[in-house]
Amino acid sequence: MRKKYVTRAGGRSKMTPGQLLPLLLVMGASYCAATAESDVSSALNKDYVGKNILPDLSAISLESVPEPHRQAAEQFKALWDEHLTGVKDYDVVKDIPFTLIVPDKIDRVAFEGNEPRAREFLLEHVIPGALMEMKHRNVYGNMNQHPVGVNLTCVNMLMGYVLRYMVNQETKYATRHNVSDSLTMVFIEGNLTENKAFNTNKLNKRNIQENNRYNEPQRLEMKNATKELAANKENRIGQQLMNFLASMKSGTKVFQHFLSNSNLSQLLDDSSYMVLIPSDTAFQRWHPIDWGFYPFSVQEFTESVLRNHFIRVGLPLRMAELRGVTGEQKFKTLGGEYVVLRGKPTPTANNVSIIYDYTLSNRIEVFVISEVLFVSEAVVSRLHQMHKDKETPPLLAFPWFGAQFLSHSFLALERDNRFTQITRFLNTAEIAQFISGSNYTFFVPTDEAFERYSFDILPDNVLASEKGVKLLLNHFIKGRLYDRDLKDGEVLETIGGTPVKIHRTFDKNVTVNSARIVESEVFVYNLGTMFYVNDVLYPELLKDEVTALTEMKNTDKNVPEDTGEVFTTEPNQVEPSSSTTHRTAFYTTSADVEIVPLEFTEQSGIEDDVLLQDDEIITPKALPVKYYYSPKK
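Throughout this description, residue numbers start from 1 for each chain and increase along the sequence as written. Where totals are concerned, whole chains, interfaces and linings use all residues; where local detail is concerned, this predicted model gives features only for residues with pLDDT of at least 70, and gives and counts side-chain atom pairs only at 80 or more. Side-chain numbers come from the whole structure's heavy atoms, not from hydrogens or water.

## What to know about the overall build of the chain
Thought 1: If you tally the helices and strands in the chain, you get 18 helices and 27 strands.
Thought 2: Going through the 633 residues of the chain one by one, you find that 40% of them count as buried.
Thought 3: Across the chain, the fraction of contacts at a sequence separation of at least 24, relative to all contacts at a separation of at least 6, is 68%.
Thought 4: Approximately 35800 Å² of the chain is accessible, and the part contributed by carbon and sulfur atoms is 50%. Where helices and strands are cited, they refer to DSSP runs of H or I of at least four residues and of E of at least two residues respectively, numbered from the N terminus. For the exposure calls, accessible area comes from a 1.4 Å probe over protein chains only, and a residue counts as buried if that area is under 20% of its type's maximum, exposed if over 50%, partly exposed in between. Residue contacts are counted whenever heavy atoms from the two residues lie within 4.5 Å of one another. Using the Shrake-Rupley algorithm and a 1.4 Å probe, accessible areas are obtained, with residue cover drawn only from the displayed protein chains.

In structure tokens form, the structure reads like this:
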């Protein structure tokens, strides 16, 4: 029960407004501290949530409602009387308190002829089981079993009854009005169904892997229809067609698969239809043999093609009738294209052969055709350019058989002269075990980024060290990201274990930590995505190695640039005499191969000598080589 503080009109206890305000603020601070310690994170009315009960609104007297909110109360009650009064399976109760959250504006036109949507909207604004006490961070369940939270400022709690609610992470300014002992109305700006899809979860490694929402194509949504309405439109026409396709042992399985994963059945009504079903062989024509682009991997394109194989007609045309027709008949599909049917010399649809037909009922005629309509090489080529991310890759046995994304990324970067350093890095560090398979995002630094920190002078054994591997793994994200997924303020966890933060400006410049993306969405087939960046992420991991190498070079300044003869130590090689001064470098050189002159490889009397006359033998350097510098005499 809320305490009421009363200031008496007479006597020495009377306080002036100037004296009262500091007292209220002090009391408010202590109240806030107390409430912060007792956050309520679960539903307070869980005993009543999920039960089919409704409040009795007959006690509402619109005349008693404050004038600014009277119109909102009237609209809410009118919508209630139309859609919830006398509804089956619900009991009206008077002994259980309720709170009605009344929106300031209700678009009743949007609910006309849509009973499920209207009921869902109303029940979203009903809190059963307890009066909504004005306590900070209380969370209640509404009649749709969704949470409704309260977040109050202390000044609002003490200084007036205009309160701020946090509902679905949206701020709602509300006014409370007690109708009776068991019914309260809270008037808010907007409504509780606004921005229902708002999600405050940060994008991280875990929910990238679990949600897999980056490769999943988005279905075409049905306009002006809720899920309930769509479910009601699974009518006998669509059901009969799906039953027919399920009974077919072969020939139409591809069409059945695409139809079952589409929203097309939601558009079918009780009209008559002619359905043109391409055979499995017709779809197989567009499937790549080993690798390439399959146009029906694009969900939106597949749905548009399916729509153009359905024709709504007053009376279906039977095959016998079609064969007897002289000339052509033109029909418009659900997708807006036109199909021309001809019966002679053989039945065709847009010059595509009709193989056979089925009559499912008096209102459905099925024609199985030999090609997919409205799909051509030109259409597929344009679609391919728009959806490079759907292309399947060839299987690579090298460089890393078990890491196809890494292998294809390496080959793509190797062909670009902007990325000589990262390819050297990838070729040196053993990271395939961490980047196995596919479904990754790779932020790729340019050569200029590596040179900015003098990483280009680091030898291979430093890049292959534990710090080098960690730095490289800090550029990989598990989960495929698109540009649209890089939202301002998002924090992503790298495979190296360190987070990176995304910042997106109004002019669409995107940075990852301090690295600006200079080229976005470089698709590595359907394996993942690369983003080219102008900086190295977490470069401090290798800065000490650069410093150590630089200091070592500075101590060797007495070594002349013209070092004279160079000797290398190899097995069974005679060491230079003790009179020869020398220095030893323990870093490998930047060269990846050692060139052995031809004269050292020639062997007389061997038949294979001919094969070695025009080429030099290239041998890899597996171990660091020690160099001995002999001063020039």
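## What to know about the packing of aromatic side chains
Thought 1: Only the six-membered ring of Trp is used, alongside the rings of Phe and Tyr, when aromatic pairs are assigned; centres must lie within 6.5 Å, and planes under 30 degrees apart are stacked while those over 60 apart are edge-to-face, with the rest tilted. Within this structure, the stated rule accounts for 19 aromatic pairs.
Thought 2: Aromatic side chains phenylalanine 244 and tyrosine 358 sit 5.0 Å apart centroid to centroid with 55° between the ring planes, which places their arrangement in the tilted category. A residue pair is termed long-range when its members are at least 10 positions apart, and phenylalanine 244 in helix H7 (residues 236–247) and tyrosine 358 in strand S15 (residues 352–361) qualify at 114 residues.
Thought 3: Consider the rings of tryptophan 291 and tyrosine 525, whose centres lie 6.4 Å apart with planes at 90°: the pair is edge-to-face. In this pair, tryptophan 291 is assigned in the loop between helix H9 (280–284) and helix H10 (299–307) and tyrosine 525 in the loop between strand S22 (515–524) and strand S23 (528–533), connecting sequence segments 234 residues apart.

## A word on the sheet that holds strand S12 (residues 328–332)
Thought 1: On the basis of which strands lie adjacent, the open sheet formed by seven strands has the order S11-S10-S16-S15-S14-S13-S12 and mixed pairing. Among the strands making up the open sheet, the edge pair consists of strand S11 (310–313) and S12.
Thought 2: DSSP-based pairing: two strands are paired if at least 2 bridges between them are found. As judged from the six bridges shared by strand S10 (residues 272–278) and strand S16 (residues 364–369), these two strands associate in the parallel manner. The residue of S16 that forms the bridge with proline 278 is isoleucine 369.

## Some remarks on the environment of arginine 70
Thought 1: Mapping arginine 70 onto the fold places it in helix H2 (residues 67–83).
Thought 2: The exposure class of arginine 70 is partly exposed, given its relative accessible area of 29%.
Thought 3: Taking the C-alpha atoms as reference points, arginine 70 and aspartate 104, separated by 34 residues in sequence, lie 9.4 Å from one another.
Thought 4: Excluding residues that lie within four positions of it along the chain, arginine 70 makes contacts with Leu62, Glu63 and Val65.
Thought 5: By the criterion applied in these results, polar contacts are pairs of N or O atoms within 3.5 Å in which, for protein atoms, one can donate a hydrogen and the other can accept it, and in which residues neighboring in sequence qualify only through two side-chain atoms. A distance of 3.2 Å separates a polar side-chain atom of arginine 70 from the backbone oxygen of leucine 62.

## Some points on the packing of H2 against helix H3 (residues 115–124)
When two helices pack together, their arrangement is given by the angle between their axes and by how far apart the axes lie.
Thought 1: An axis is simply a line fitted to the C-alpha atoms; with a helix, the fit covers only the stretch in contact. Between two such axes, the angle follows the N-to-C directions and lies from 0 to 180 degrees. At a minimum axis separation of 10 Å, H2 and H3 run at an interaxial angle of 130°. By the criterion of interaxial angle, the relationship of H2 to H3 is oblique. Here H2 runs over H3; the crossing is left-handed. The segment H2 lies against H3, with Phe76, Leu79, Trp80, Glu82 and His83 engaging Glu115, Ala118, Arg119, Phe121 and Leu122.
Thought 2: In terms of residue class, the contact of H2 with H3 is built from six nonpolar, one polar and three charged. The scheme is simple: roughly parallel for angles under 35 degrees, roughly antiparallel for over 145, roughly perpendicular for 65 to 115, oblique for anything else. If you view the pair so one helix is near and one far, a crossing is left-handed when the near helix is turned anticlockwise from the far one by less than a right angle, and right-handed when it is turned clockwise. Under the grouping applied here, Gly and all other residues not named as nonpolar or charged are polar, the nonpolar ones being Ala, Val, Leu, Ile, Met, Phe, Trp, Tyr, Cys and Pro and the charged ones Asp, Glu, Lys and Arg.

## Things to note about the nonpolar core
Thought 1: Counting residues in hydrophobic clusters, the biggest one holds 40 residues, and the most contacted among them are Ile422, Leu426, Ile431 and Phe476.
Thought 2: Elements supplying a minimum of two residues to this core: helix H13 (404–414), helix H14 (420–428), strand S17 (440–445), helix H15 (447–452), helix H16 (460–463), helix H17 (466–473), S22 and S23.
Thought 3: Ignoring any residue separated from it by four or fewer positions in sequence, one finds phenylalanine 476 in contact with Phe405, Leu406, Leu426, Ile431, Ile435, Thr441, Phe442, Thr494 and Ile495.
Thought 4: Among buried residues, those of type Ala, Val, Leu, Ile, Met, Phe, Trp, Tyr and Cys that are joined through side-chain atoms within 4.5 Å constitute a nonpolar core. Grouped together as the second largest cluster of nonpolar side chains are 32 residues, Val275, Trp286, Phe301 and Leu383 included.

## Topic: the confidence of the model for the chain
Thought 1: The share of residues in the chain with pLDDT of 70 or more is 68%, and the mean pLDDT across the chain is 75.
Thought 2: As a per-residue measure, pLDDT reflects the predictor's confidence and takes values from 0 up to 100. Below a pLDDT of 50 lies the segment residues 28–42, which in the model reaches 14 contacts outside its immediate sequence neighbourhood of four places, other chains included.
Thought 3: A low-confidence stretch, residues 196–234 (pLDDT under 50), is modelled with 69 contacts involving residues beyond four sequence positions or located in other chains.

## Here's the deal with the pairing of strand S20 (residues 499–504)
Side-chain positions along a regular strand alternate between the two faces of the sheet.
Thought 1: As paired elements, strand S19 (residues 491–493) and S20 share three bridges and run antiparallel to each other. What sits directly across from valine 491, in S20, is lysine 501.
Thought 2: A loop of five residues connects S19 with S20, the two strands running antiparallel in sequence, and glycine 497 in this loop sits at a positive phi of about 95°.
Thought 3: Bridge analysis of S20 against strand S21 (residues 510–512) gives three bridges, and the strand direction is antiparallel. Following the sheet pairing, histidine 503 is matched in S21 by threonine 511.
Thought 4: The antiparallel pairing of S20 with S21 creates a hairpin that spans five residues between the two strands, and lysine 508 there sits at a positive phi of about 70°.

## As for the sheet that holds S23
Thought 1: The strand order across the open sheet built from seven strands is S18-S17-S23-S22-S21-S20-S19, with neighbouring strands paired in mixed fashion. At either margin of the open sheet sits one strand with a lone partner, and together these are strand S18 (476–478) and S19. Recorded for the sheet is a direction-independent mean angle of 30° between the axes of neighbouring strands.
Thought 2: Each of S17, S18, S22 and S23 is contacted by H13, which is oriented at about 40° to S23, the strand it contacts most.

## A look at the pairing of S17
Thought 1: Counted residue by residue, S17 has six buried out of six residues, so it is predominantly covered.
Thought 2: Going residue by residue along S17, you find Tyr440, Phe442 and Val444 tucked away on one face and Thr441, Phe443 and Pro445 tucked away on the opposite face as well.
Thought 3: Relative to S18, S17 runs antiparallel, the two sharing three bridges. Bridge pairing links tyrosine 440 to lysine 478 in S18.
Thought 4: Judged from the six bridges that link them, S17 and S23 form a sheet pairing that is parallel. The residue bridging proline 445 from the neighbouring strand is valine 533, located in S23.

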